[in-house]
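Per-entry structural report
Residues per chain, in single letters:
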Amino acid sequence: MVLVSTGSNLTANATEPTLPQPDFFYMSQYTEILQGTADTNRYKCKTSLDPTSGGTEIFSRCTKPNLEIYLHGNNAGQALSYASFTAKKATAYPNLEFHFTWCAGKAGGGSTEIYASSDWIKANYKKVTHGKKLSKVFAGLKITITGGAGATRTISCGVKPS
């Protein structure tokens, strides 16, 4: 009698590069924080497998009035590869300012570089108009501000999933 076993480990071979500082919040930790906040407008998150990745990657969309967060990461270790934070109205800018410090934290480097990235975002996100983008690299992490219609602004970090 011969016992043959087959299997696969698709989740170990994600195609997107992981953001720096992989231990600064994994996807499941971050979505738990967003959903479990004491704020009355807590986020509603939906996490799914990325169908184009062959099961190696997952994404999560978290929403609340006037703000959306999109996270993309490795299905196995849940290390993040991309994140974006979108304020749909100017009233959501304080939340946007709170969340973009997460991108600064993922940049790693020293505290000087983290504060520099945060200062750069604060100084520029209101200036970026519809259809325009502004990017800068901090500690090897590309942070981009994208202007949308009206007061819509998106701050993203990492490589946008293919």
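Below is a summary of the structure that appears in this document. This one's a predicted model, so the numbers in the text were calculated from it and none came from an experiment.

Quick look at the environment of Ile114
Tracing the backbone through its elements, the reader meets Ile114 in helix H3 (residues 111–124). Residues Ile114 and Ala104, ten residues apart in the sequence, show an inter-C-alpha distance of 5.1 Å.

Details of the packing of aromatic side chains
Following the criterion strictly, the structure yields seven aromatic pairs and no others. Centre to centre, the rings of Phe85 and Trp102 are 5.8 Å apart; their planes meet at 65°, and the pair counts as edge-to-face. Of the two residues, Phe85 is situated in strand S4 (residues 80–87) and Trp102 in helix H2 (residues 93–107); the sequence distance between them amounts to 17 residues. Trp102 carries the same exposure label as Phe85, and that label is buried. Grouped by ring-pair contacts, the aromatic residues Tyr30, Phe85 and Trp102 constitute a single cluster.

Structural notes on helix H1 (residues 27–36)
Restricting attention to buried positions, one finds in H1 the residues Met27, Tyr30, Thr31 and Leu34. Burial along H1 is one-sided: seen end-on, the buried residues are contained in an arc of 95°. Exposed and oriented more than 90 degrees from the buried face of H1 are Glu32 and Gly36. At its buried positions, H1 is contacted by strand S1 (44–49), strand S2 (57–64), strand S3 (67–74), S4 and H2.

About the cut-offs
Going along each chain's sequence as written, the residues are numbered from 1 onward. Under the rules for a predicted model, residues below a pLDDT of 70 receive no local features and side-chain atom pairs below 80 are neither given nor counted, while totals for whole chains, interfaces and linings still include all residues. The basis for every side-chain value is the complete set of heavy atoms in the structure, and neither hydrogens nor water enter the calculation. Helical segments are the DSSP runs of H or I of at least four residues, strand segments are the runs of E of at least two, and each set is numbered from the N terminus. Between 30 and 60 degrees the pair is tilted, below 30 it is stacked and above 60 it is edge-to-face, where a pair is any two Phe, Tyr or Trp rings, Trp via its six-membered ring, whose centres lie within 6.5 Å. To sort residues, take the accessible area from a 1.4 Å probe on protein chains only and compare it with the maximum for the residue type: under 20% means buried, over 50% means exposed, and anything in between is partly exposed. Directions drawn from the helix axis to the C-beta atoms are what define this arc. The contact rule is simple, with two residues in contact once any of their heavy atoms fall within 4.5 Å.

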